[in-house]
Amino acid sequence: MGGALSMFATLLARQGIVEASEVANLLGIYAVATSEVDNEEGMILGCWAAMIRDVAEQQRTSARK
């Protein structure tokens, strides 16, 4: 699921709708809030947010070259 979310974040970024890093940040915030109610679900969401953040960083690195 994290890979699929990363793909959609990339597509949104390519269309200029939202940066992948913003998607990662928002999902990370949601993960923290969710972990207050369900720690396991929050951890999963946090992992997905980290995957998207990695993709965003890779995109920034590739754009510099």
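Residues numbered from 1 in each chain as written. Predicted model: local features only at pLDDT ≥ 70, side-chain atom pairs only at ≥ 80, totals over all residues. Heavy atoms only, no water.

1. Thoughts on the pattern of salt bridges
Scanning the entire structure with this criterion turns up one salt bridge. Between Glu57 and Arg60 there is a salt bridge; the shortest N-O distance is 2.8 Å. With Glu57 and Arg60 both in helix H3 (residues 39-64) and three residues apart, the pair spans about one turn of that helix. Overall, the relative accessible area of 35% leaves Glu57 in the partly exposed class. Taking the relative accessible area as the measure of exposure, Arg60 reaches 35% and is therefore partly exposed. (Salt bridge = Lys/Arg side-chain N within 4 Å of Asp/Glu carboxyl O. Helix = DSSP H or I, 4+ residues; strand = E, 2+ residues; numbered from the N terminus. Buried < 20%, exposed > 50% of the residue type's maximum accessible area, 1.4 Å probe, protein only.)

2. Overview of the nonpolar core
Among the nonpolar cores identified, the biggest contains nine residues, and these are Ala9, Ala20, Ala24, Leu27, Ala31, Leu45, Ala49, Ile52 and Ala56. Mapped onto this core, the elements with two or more residues apiece are helix H2 (20-35) and H3. Setting aside residues up to four positions removed in sequence, Ile52 forms contacts with Leu5, Ser6, Ala9, Ala20, Val23, Ala24 and Leu27. (Core = buried A, V, L, I, M, F, W, Y, C linked by side-chain atoms within 4.5 Å. Contact = heavy atoms within 4.5 Å.)

3. A few points about the packing of H2 against H3
Remark: H2 packs on H3, axes separated minimally by 8 Å, with the N-to-C direction vectors making an angle of 165 degrees. Judged by the inter-axis angle, H2 sits roughly antiparallel to H3. Here the hand of the crossing between H2 and H3 comes out left-handed. Contacts between H2 and H3 involve Ala20, Ser21, Val23, Ala24, Asn25, Leu27, Gly28, Tyr30, Ala31, Thr34 and Ser35 from the former and Asn39, Glu41, Gly42, Leu45, Gly46, Trp48, Ala49, Ile52, Arg53, Ala56, Gln59 and Arg60 from the latter. The residue inventory of the contact of H2 with H3, partitioned by class, reads 11 nonpolar, nine polar and three charged. (Axes fitted to C-alpha atoms, helices over the stretch in contact; angles between N-to-C directions. Parallel < 35°, antiparallel > 145°, perpendicular 65-115°, else oblique. Left-handed = near helix turned anticlockwise from the far one by under 90°. Nonpolar A, V, L, I, M, F, W, Y, C, P; charged D, E, K, R; others polar.)

Treat this as a map of the structure, not an account of what it does.
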